[in-house]
Amino acid sequence: QVQLVESGGGLVQAGGSLRLSCAASGSIFGINAMGWYRQAPGRQRELVATITNGGITNYADSVKGRFTISRDNAKNTVYLQMNSLKPEDTAVYSCNAKIYSPTYVREYTYWGQGTQVTVSA
């Protein structure tokens, strides 16, 4: 089994910074893309940023220039550095990982439990 565990959420004032971490553990043969998503109350979950195992990144327009996604493949961990936070960034942030099957023929998507980020005005 595979588990994703997030950490680093919390309460911060507008303009502040937070760094989220998500570590994957368990029966992992290889990880393809990893990413961060968020869901605010009353809204659908939305993509924040993704990163491939080769380091190619993709960001939502709303976070470009403020957030940076990175990963440590040796630790099976993905990070999200969030700077210049705004109240509208308040949401539950969840990580996901596309993990290969033992034969690398298929990949399976796993999700973390989510961590709350609250940005006060």
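Given the structure is predicted, the values throughout are model-derived calculations rather than measurements.

Draft legend 1. Spotlight on the overall build of the chain. When helices and strands are tallied, the chain shows zero helices and eleven strands. Taken from N to C terminus, the helices and strands of the chain fall in the order β-β-β-β-β-β-β-β-β-β-β. A compact globule built from 121 residues should have a C-alpha radius of gyration of about 14 Å, and the chain, at 14 Å, falls within 12% of that. Reported as C-alpha extents along the three principal axes, the dimensions of the chain are approximately 50 × 25 × 25 Å.

Draft legend 2. Fine view of the environment of N76. Looking at the secondary structure, you find N76 in the loop between β7 (67-72) and β8 (77-82). Relative accessible area serves as the criterion here: at 24%, N76 is assigned to the partly exposed category. Taking the C-alpha atoms as reference points, N76 and V2, separated by 74 residues in sequence, lie 11 Å from one another. In this view, N76 contacts C22, A23, A24, I28, I31 and M34; residues no more than four positions away in its chain are not counted.

Draft legend 3. Geometry of the sheet that holds β7. The four strands lie next to each other as β1-β3-β8-β7, forming an open sheet whose pairing is antiparallel. Strands at the two margins of the open sheet, each flanked by one partner only, are β1 (2-7) and β7. For this sheet, the mean angle separating the axes of adjacent strands, direction not counted, is 15°. Note that β7 and β8 share six bridges and pair antiparallel. What sits directly across from R71, in β8, is V78.

Draft legend 4. Focus on the state of the cysteines. Scanning all chains against the criterion turns up one disulfide. Disulfide partner of C22: C95, at an S-S distance of 1.9 Å. Given an S-S torsion of about 45°, the disulfide between C22 and C95 has right-handed geometry. Of this pair, C22 sits in strand β3 (residues 18-26) while C95 sits in strand β9 (residues 91-100); the two residues are 73 residues apart in sequence, bridging distant segments of the chain.

Draft legend 5. Summary view of the packing of aromatic side chains. Using the criterion set out here, one finds two aromatic pairs in the structure. Here Y37 and W111 contribute two aromatic rings whose centre-to-centre distance is 5.1 Å and whose plane-to-plane angle is 65°, an arrangement assigned as edge-to-face. With Y37 in strand β4 (residues 31-39) and W111 in strand β10 (residues 107-111), the pair connects residues that are 74 residues apart, well separated along the chain. By relative accessible area, Y37 is classed as buried at 19%. Take W111: its relative accessible area is 35%, and that puts it in the partly exposed class. In this structure, R19 packs its charged tip against the face of Y79, placed 4.1 Å from the ring centre. The ring of W111 carries the charged tip of R45 above its face, separated from the ring centre by 3.8 Å.

Draft legend 6. Representation of the nonpolar core. Counting 30 residues, the largest nonpolar core has W36, L80, M82 and Y93 as the members making the most contacts within it. Ranked by the residues each element gives to this core, the list is headed by β9, at five residues. Sequence-distant contacts of L80, defined by excluding residues within four places in its chain, comprise L18, R19, L20, W36, V48, A49, F67, T68, I69 and Y93.

Reading the values: the criteria
- Residues numbered from 1 in each chain as written.
- Predicted model: local features only at pLDDT ≥ 70, side-chain atom pairs only at ≥ 80, totals over all residues.
- Heavy atoms only, no water.
- Helix = DSSP H or I, 4+ residues; strand = E, 2+ residues; numbered from the N terminus.
- Rg over C-alpha atoms; globule rule 2.2 N^0.38 Å.
- Buried < 20%, exposed > 50% of the residue type's maximum accessible area, 1.4 Å probe, protein only.
- Contact = heavy atoms within 4.5 Å.
- Pairing = 2+ DSSP bridges.
- Axes fitted to C-alpha atoms, helices over the stretch in contact; angles between N-to-C directions.
- Disulfide = S-S within 2.5 Å.
- Phe/Tyr/Trp six-rings, centres within 6.5 Å; stacked < 30°, edge-to-face > 60°.
- Lys NZ or Arg CZ within 6 Å of the ring centre and 35° of its normal.
- Core = buried A, V, L, I, M, F, W, Y, C linked by side-chain atoms within 4.5 Å.

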